[in-house]
Structure formats: structure tokens, C-alpha cells
There are 2 protein chains.
Amino acid sequence: MVRTAEDSVGSTGVAAARPSLLYVVKQVELAARSHMDEVLKPAGITALQYTALTVLRRRDGLSSAQLARNSFVTAQSMADMITALERRGLITRRRDPENRRAMLISLTDEGRELLAAHDAAMDALEERMLSGLTARQRRDLESYLNRCRTALSDVPPH
Amino acid sequence: MVRTAEDSVGSTGVAAARPSLLYVVKQVELAARSHMDEVLKPAGITALQYTALTVLRRRDGLSSAQLARNSFVTAQSMADMITALERRGLITRRRDPENRRAMLISLTDEGRELLAAHDAAMDALEERMLSGLTARQRRDLESYLNRCRTALSDVPPH
DNA sequence: CGTAATTATCAGGAAACCTGTTGGTCGCAG
DNA sequence: CTGCGACCAACAGGTTTCCTGATAATTACG
């Protein structure tokens, strides 16, 4: 893991690296995920599963469908991950008393401990990613990215 | 596709959305990929395959291994995609005359046409993503992201 | 020369995606 | 209150993307 992007982008100062920003975002996410997977491998979970768990830590009691929308995947895809996490004992599900078709998802103690055990490593990874930026630039980056996310999320046609 | 992130992040102005920037990058990439998949679906290729093709357009004659490093995946993973793209007639491979173990990959005319047919849509998508940013902010964003990518790519310990 | 590194490739499998379908539940308009 | 549409979960079945592990050919180097 942590494949070093030797032949990486940039370098070739040549003509218009076409989908520049779209591409750079992907590269950063790819690199970050690669590192995350390496950190999380001993724990036996993937970066995607870890992310889902962090969402649950912040917002307990979501349904699988809500989680899916939050992650831009279909409910079926999310269901695959949910069953994997439930089988591992990291989450539990219960019927929503106020909406009997929904299943509310919560972290188990084990899930919470697993997250806590990796907080430091994730903070370090984020710090490494941002190491070339000033505090001001970090705030700007976050702001810009949030605007990008919003622009892509707003319902277009339909 | 194009799942709207209703219950999205932000909103809850509460305490520290922990892995903030790591998470936002993922969200943006996820949203962008979702839109890309929708645009590319009629052409029968995934966002990942499209990205690999754009890399080849920019840098013809890469080997599968180089392409893999560029994408932070293993050579085996990349080989899967390569065979899929070759089977579809979008790329061709030939032995490197100067290194007889390597296979050099190039786009076919069909592959080039497929890319060209989607340039406009991809430009539009990027424009939409950046619609909330000024030209100056776009340049800054690109600069910051490139610094992030570099910071994550540089070989750490070993 | 012989060992290590690189490239491709095969086998096998897990995870993450998808479409399509079904059944239960809820909201609401008729 | 009945029926229709929206929503949620789940099952079946499939593809793509990724992985580990192993093998073979080629190249680089001590």
C-alpha cells in the first residue's frame, strides 16, 4: 500500500492537463485513501467502512438509506457495508419506533473503541496532508471544498 | 445516480466534525464521481476507466505498472482495468522494444474519439463544481490540492 | 555470474458497486 | 376508508474494482 506516485501528474509542464481540478481532487482522495487503508488494515476495516463509522459517531441513529444518500451510493450498496459492519459487531440496528419501516443504526461500544483507537493516526494523516499549508490556507481550502460539494449536491434538473 | 446529499455534512454546526478536511475531500470526490458515472454511463465506461484514458491521452505509451502507480492501486488491479479497456478496443498494447518485459499502452482511435465525445460534459461538470469560486480562488484551490497530493505522495519512512 | 528488482500474468477471493424485484409501512388525496 | 405513490429494507444475481499470493521473463547491478 501507499503506492508512491512517482510518474505523478504535474511534472510535465506541458499543455493543459485537461480535467485539472476534477483530476487533482481524485488524486488527493486516492492518496489519502491509500494511507487510510494502510493504517486501518490491522483493524480489518476499509477506509470506506471507517468513514461510515465516523458519520455514525457524529450522527447516531441514521438509517441505512440516509447513510447511503450521505455517501452518494445506492441503498443496496450501503446495505452490503452495513451487513459487513453488523456481522463484525461494530454497529447495531433496531426498528425505529416512530417509523416501523426504518432501521436505526448505532455504534456499539466496540465500534466506538475502534474509532477512538485510530483518531490519533487520522489526525496525523490529515496533518501530513496539510503540512504545506498555513492555517489560513487550510481554512480557505476547507471553505472552497465545501462550496464545491454544495455545487455538486444541489439538485440539478428533475 | 447523482444521489443528492440531503442529510449532508455541514448543517450541524456542532462540535468538531472530526476528520474535517479528509472527509470533505472524500465527499467532493464522491459527488464528482457520481456525476461522472452518470455522464459516462451511455458510453459504457466507468469514471475510473475514463480517468485512466485521460491519463493515457496526456502521456501516451505508459506501461500498466506506471499507470498503476499513478493511480495508487496495485499492478494487478490496474491489469483488470487494462484488459477490460483492451477488450473494448479503446486501447492497444505492444511490447516495449527497449524493455521487453514491459507492455506500452496507447489509445486507439476509438478511445480517442470516446474521450473527445465527453470533453464538453466534463468541462461543464468541472465548471459546475467550481461555480461558487472566483478565478483566483480556483487557482488557489488547485495549488492547495497539489500541495496536499505532494505531501501524501512523498515517501515517508521506509 | 547470480541475486535483486521490475513487469506482466494467473488463480482465487473479498469488497463495493450496480439493476431489478418484492413486501411492508406510511402519507395523502380521493 | 380505500387506494396510490413514496419510502425503506431485503433478496437475487451480476460486474467492476480492488486485494494477496505465486510464477515467469527480463533487466539491473553487485
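Residues numbered from 1 in each chain as written. Chains lettered and ligands numbered in written order. Predicted model: local features only at pLDDT ≥ 70, side-chain atom pairs only at ≥ 80, totals over all residues. Heavy atoms only, no water.

A separate point is the nonpolar core. Note that soluble globular proteins tend to have their nonpolar side chains buried in a common cluster. Membership of the largest hydrophobic core comes to 86 residues, with the highest contact counts inside it found for L53 and L141 of chain A together with L53 and L141 of chain B. Setting aside chain neighbours within four positions, we find L53 of chain A in contact with I45, L85, L90, I91, L107, L114 and L115 of chain A. (Core = buried A, V, L, I, M, F, W, Y, C linked by side-chain atoms within 4.5 Å. Buried < 20%, exposed > 50% of the residue type's maximum accessible area, 1.4 Å probe, protein only. Contact = heavy atoms within 4.5 Å.)

Looking now at the sheet that holds strand β3 (residues 99-107) of chain B. Residue and element names in this part refer to chain B. Taken in spatial order, the 3 strands make up an open sheet running β1-β3-β2, and their pairing is antiparallel. Two strands lie at the open edges of the sheet, namely β1 (62-63) and β2 (91-96), each paired on one side alone. Two elements, β1 and β3, share 2 bridges in a ladder whose sense is antiparallel. Across the sheet, residue S63 finds its bridge partner in β3, namely L104. In the packing of helix α4 (residues 75-87) onto the sheet, the strands contacted are β2 and β3, and the crossing angle to β2 comes to about 115 degrees. (Pairing = 2+ DSSP bridges. Helix = DSSP H or I, 4+ residues; strand = E, 2+ residues; numbered from the N terminus. Axes fitted to C-alpha atoms, helices over the stretch in contact; angles between N-to-C directions.)

With that settled, the discussion passes to the packing of helix α2 (residues 47-58) of chain A against helix α5 (residues 109-129) of chain A. All names here are of chain A. Between α2 and α5, whose axes approach to 11 Å, the crossing angle comes to 110 degrees. Comparing the axis directions of α2 and α5 gives the class roughly perpendicular. Seen from α2, the contacting residues are Y50, L53, T54 and R57; seen from α5, they are L114, L115, A116, H118, D119 and M122. Split into classes, the residues belonging to the contact of α2 with α5 amount to 6 nonpolar, 2 polar and 2 charged. (Parallel < 35°, antiparallel > 145°, perpendicular 65-115°, else oblique. Nonpolar A, V, L, I, M, F, W, Y, C, P; charged D, E, K, R; others polar.)

This paragraph deals with the environment of I82 of chain A. All names here are of chain A. Mapped onto the elements of the fold, I82 is located in helix α4 (residues 75-87). On the basis of relative accessible area, I82 is assigned to the buried category, the value being 1%. I82 sits 23 residues away from I105 along the chain, and the two C-alpha atoms are 8.8 Å apart. Among all residues touching I82, those that are not within four sequence positions of it are S64, L67, I91, R93 and I105.

None of this, on its own, says anything about what the molecule does.
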